[in-house]
Amino acid sequence: MTDSVALSPTSIKNALQSSAPISAILVQGWVRTRRDSKDFSFIELNDGSCLRNLQVIAGNTLSNYAMVQRLNTGASVAVRGALVESQGKGQNWELVTEEITIVGGSDESYPLQKKGHTAEFLREIAHLRPRSNLFGSVFRVRSRLAFAIHRFFQDRGFFYLNTPIITGSDCEGAGELFRVTTIDPNNAPRKANGEIDYGRDFFARATYLTVSGQLEAEAFASALSKVYTFGPTFRAENSNTSRHANEFWMIEPEMAFTDLGGNMDLAEELVKYLIHQIRDNSPDELALFAKFVDGELLARLDFVVDRPFQRTSYAEAVELLVKSGEKFEFPVGYGLNLQSEHERWLTEKHFKCPVTVFNYPKEIKPFYMRLNDDDRTVTAMDLLVPGIGEIVGGSQREERLEVLEKSMRRHKMNPTDYKWYLDLRRYGSVPHSGFGLGFERMLMFVTGISNIRDVIPFARTPGNAEF
RNA sequence: UCCAGCGUAGCUCAGUGGUAGAGCGGUCGGCUGUUAACCGAUUGGUCGUAGGUUCGAAUCCUACCGCUGGAGCCA
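1. Details of the pattern of salt bridges
Across all of its chains, the model carries 24 salt bridges by this definition. Among the ionic pairs, D36 bridges to R34, the shortest N-O distance being 2.7 Å. When its relative accessible area of 45% is taken as the criterion, D36 is described as partly exposed. A salt bridge links E44 to R35, with the shortest nitrogen-to-oxygen separation between them at 3.0 Å. Among the residues examined, R35 registers a relative accessible area of 36% and is labelled partly exposed. By sharing partners, the salt bridges in this structure join D265, E268, K272 and R311 into a single network.

Below you can see the structure in the form of C-alpha cells.
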C-alpha cells in the first residue's frame, strides 16, 4: 500500500487464531459494518479467510478519522496496528489502529446490508454475494470439499484423469447435449439433402460438450487400474428445479477388477469421508448453516456418518413401496422408474438414512451396464440421500464383448460407431465399475442449502447465463 | 416443457374496488467499549409490462415477462 506499511499482511483467520498479542500487524479486507463510539469507531473487517470478522478500533487521533467515519459497508481498507486482547465481549482479539488506508470506497448504493437477505435476492447479485456470511461460507466449504475429494482418491491409489470436455460421442444416454461448432449459422456448409454438413466443421465431425467422462475413464481404468475424473459436465436439458444446472461438476471414479459390491462400498466410503472432512475442517461454516439454513443439519450429518447405508435391490424397493400403503401420485410397479416421491419415501420415511438401490430392470437403464445372470436386471446402483434424492449413479460395466454389442443394438446404437470402446472388451477385458457423484449435490447435502444455484459461484440454468 | 404460487420503496412485507403504508437500510443530528447498538428527524414508489372492465384499479379480467416451489430428465 504505502511504504509506511512494509509489514507483510496477515489474514484475519490467522489474526483471530493468535495465541498472544502482536504489537505490529497488517490486515486487509472489506468493511462489513461500522459503529461510532465517542472517541473512536468500531469497524467489523472481513477478508473472506474465515467466517468471523476482526473488530478494528479506529481512534479519532487518526489523521484521516473524518474519512473513517464516512466509511460505508463494502469499502476496502488496509489497517496497520496492534492486535490486543479485546475489552469487550464477543471476541478475544481486536486491532487497535495505528494507520488505516482506504483502498477502495463504497457508497450507499452497496446492496448488501448487515441484516439478512433472502437467497433469491442475493442470486441477482451473484458477483457480490460471496461477501455475505452465508455465501462466503458456502464457497469456502466448496473449496474444502473439492480438496477432500482429491485427498480421498489420492490416498487410495487412484489417478486423477482429465477426460475431454469436447466430445464426439452423442449417445451416452445422459441427456441433451450442447453442440460445439465454428460453423457460421448464416453460411453453413450443406449436404446434398440440405442438412448441415458437420463433416466440414472444425473437428470434421459433429461435436458436443461432454455429458460424462465415463467412457474415456473406462479406457484409463483398463490401464492405470484406478482413476477418477473431477471436472465440468454439461447437459442441455430444460430442467427447472432446485437440483439441476446445465453446467455442473461431477466426480467419476472408475475401477478395474471391481464388481458392483466394491463399487457400492466405495461410494458409501466416499460420502462418509467427505462429511467427516467438512465436519472436522469447517466447523464455523457448519454452525452458520445449522443456525440459518437447516436446524437439523448437524444431527443428520452425524447420523449418516455413524451407521451403514441401507442397501436394497430394485425389486425389494418396489415391494416395500407397494406394501407401504402410502398414496403415491405415480404408480409403483416392477419395470417402472422410481419417481422422486418414491425415492423420497424410501430414504426419508422408511429407512431414514441414505439408501443404495441396485439391480434395476435392464429396460430402464443405459447400454453399458452389466447384464445380470437373471437376464432381466443390470448392475445399476443409485445412492439416494434424504432431502436431495439421487447423489450417486453408477454400475458395473458390461465387459463381455458380445453381450455389450447386443445391448447396444437393443438401444438402437451402431456398434461400429464405438469401435474404440469395444476394443476395451477385445483386449484384456476385465470386470470394472464406476459411478458419478454430483459435486454440487454433495455440497448441498453437506451445507443444507436447498437450491443448487446457491452452491455454484455463477450458475447456468435455462435462460440464465449472466455474469 | 408441464402444474401451482408470487411480482408494492434499496431489502423484507402489509394493503383484496375509494387520497400508496410499516419495519429495516440510507442520509442528518444526538448518545455511547460497541458488536443485527440505542434515541430523534428525514429520505424514499410509473404498485413487473401491455391491454381491458369500472365513475374510480395495487386490488377484478386477459396476455406477456420474471421469480419461487413441485413434476419430468438426471448428478
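2. Some details on the domain arrangement of chain A
Its domain assignment divides chain A into domain 1 (12-104) and domain 2 (130-175 + 211-454). If you average the C-alpha positions of domain 1 and of domain 2, the two centres end up 45 Å apart. Each side of the interface is counted separately: domain 1 has 8 residues, and domain 2 has 8 residues. Together domain 1 and domain 2 conceal approximately 600 Å² of surface at their shared face, both sides included; 44% is due to carbon and sulfur atoms. In this structure, the connection of domain 1 to domain 2 is made through 0 salt bridges. The interface formed by domain 1 and domain 2 holds 4 residue pairs in polar contact (both at pLDDT 80 or more) in total. Grouping the constituent residues of the side of domain 1 that touches domain 2 by class yields 3 nonpolar, 3 polar and 2 charged.

3. Here we look at the nonpolar core
Among the nonpolar cores identified, the biggest contains 60 residues, and F153, L274, I275, L437, M442 and F445 are the most heavily contacted of them. Dropping the residues within four chain positions of it, L274 is found in contact with L145, A148, I149, L437 and M442. Residues L215, L338, V355 and L371 belong to the second largest nonpolar core, which totals 30 residues.

4. Examining the sheet that holds strand 14 (residues 377-385)
One open sheet accounts for 8 strands, arranged 6-10-11-16-15-14-13-12; its pairing is mixed. Strand pairing shows two members of the sheet lacking a second neighbour, strand 6 (159-160) and strand 12 (310-313), which therefore form its edges. Here strand 13 (residues 355-361) pairs with strand 14 via 6 bridges, running antiparallel. Paired with F358 across the bridge in strand 14 is M381. The strands that helix 5 (residues 214-224) touches are strand 6, strand 10 (226-234), strand 11 (247-256), strand 15 (389-397) and strand 16 (432-438); relative to strand 11, the one it contacts most, it runs at about 30°.

5. Some details on helix 11 (residues 401-410)
Residues L401, L404, E405, S407 and M408 constitute the buried set of helix 11. Projection of helix 11 onto a plane perpendicular to its axis shows the buried side chains occupying an angular sector of 160°, all on one side. Along helix 11, the residues that are exposed and aim more than 90 degrees away from the buried face are E402, K406 and R409. Elements in contact with the buried residues of helix 11: helix 12 (419-426). Residue K412 follows helix 11 closely and has a positive phi angle near 60°.

6. Here we look at helix 10 (residues 340-350)
Of the residues making up helix 10, those classed as buried are E341, H342, E343, W345, L346 and T347. Each element contacted by the buried residues of helix 10 is listed here: helix 9 (314-323), strand 13, strand 14 and strand 15. Taken from the residues just after helix 10, K352 is the one with a positive phi, measuring 55°.

7. Things to note about the layout of surface pockets
If a probe the size of a water molecule is rolled over the atoms, the empty space left behind becomes visible. Within this model, the second largest pocket holds a volume of roughly 1,000 Å³. The wall of the second largest pocket is formed by 39 residues, among which R32, R131, S132, N133 and L134 lie closest to the centre. Where the lining of the second largest pocket is concerned, the elements lending two or more residues are strand 1 (22-36), helix 3 (119-124), helix 4 (133-155) and helix 7 (283-292). Per-element tally for the lining of the second largest pocket: the top contributor is helix 4, with 5 residues. Residue composition of the lining of the second largest pocket, by class: 15 nonpolar, 14 polar and 10 charged. Both of domain 1 (12-104) and domain 2 (130-175 + 211-454) provide at least three residues apiece to the lining of the second largest pocket.

8. Thoughts on the sheet that holds strand 9 (residues 207-209)
Reading across from one edge, 7-9-8 is the order of the 3 strands in this open sheet, with antiparallel pairing throughout. The open sheet has two edge strands, strand 7 (166-167) and strand 8 (179-180), and neither has a second partner. Relative to strand 9, strand 8 runs antiparallel, the two sharing 2 bridges. Within strand 9, the residue paired with V180 across the bridge is T207.

9. Here's the deal with the packing of helix 11 against helix 12
Close contact between helix 11 and helix 12 brings their axes to 9 Å; oriented N to C, the two are set at 150°. The orientation of helix 11 relative to helix 12 falls into the category roughly antiparallel. Contact residues: helix 11 offers L401, L404, E405 and M408, while helix 12 offers Y421, L422, R425 and R426. Class assignment of the residues belonging to the contact of helix 11 with helix 12 gives a composition of 5 nonpolar, no polar and 3 charged.

10. Remarks on the side chain of T163
Residue placement: T163 occurs in the loop between strand 6 and strand 7. Excluding its chain neighbours within four sequence positions, the residues that come into contact with T163 are G213, E216, A217 and T229.

11. Section: the environment of F159
In this fold, F159 is placed in strand 6. Taking the relative accessible area as the measure of exposure, F159 reaches 46% and is therefore partly exposed. Once the C-alpha coordinates of F159 and E195 are considered, the two residues, 36 residues apart in sequence, prove to be 42 Å apart. Contact partners of F159, with chain neighbours within four places excluded, come to L224, K226, V227 and Y228.

Each value, and the rule that gives it
Residues numbered from 1 in each chain as written. Chains lettered and ligands numbered in written order. Predicted model: local features only at pLDDT ≥ 70, side-chain atom pairs only at ≥ 80, totals over all residues. Heavy atoms only, no water. Salt bridge = Lys/Arg side-chain N within 4 Å of Asp/Glu carboxyl O. Buried < 20%, exposed > 50% of the residue type's maximum accessible area, 1.4 Å probe, protein only. Domains from an automatic or database assignment. Contact = heavy atoms within 4.5 Å. Buried area = accessible area lost by both parts, 1.4 Å probe. Polar contact = N/O pair within 3.5 Å; in protein donor to acceptor, adjacent residues only side chain to side chain. Nonpolar A, V, L, I, M, F, W, Y, C, P; charged D, E, K, R; others polar. Core = buried A, V, L, I, M, F, W, Y, C linked by side-chain atoms within 4.5 Å. Pairing = 2+ DSSP bridges. Helix = DSSP H or I, 4+ residues; strand = E, 2+ residues; numbered from the N terminus. Axes fitted to C-alpha atoms, helices over the stretch in contact; angles between N-to-C directions. Arc of directions from axis to C-beta. 1 Å grid on protein atoms, 1.4 Å probe; cavity = no way out; pocket = protein on both sides within 12 Å on 5 of 7 lines; lining within 4 Å. Points joined across faces, edges and corners; volume = space filled by probe spheres on them. Parallel < 35°, antiparallel > 145°, perpendicular 65-115°, else oblique.

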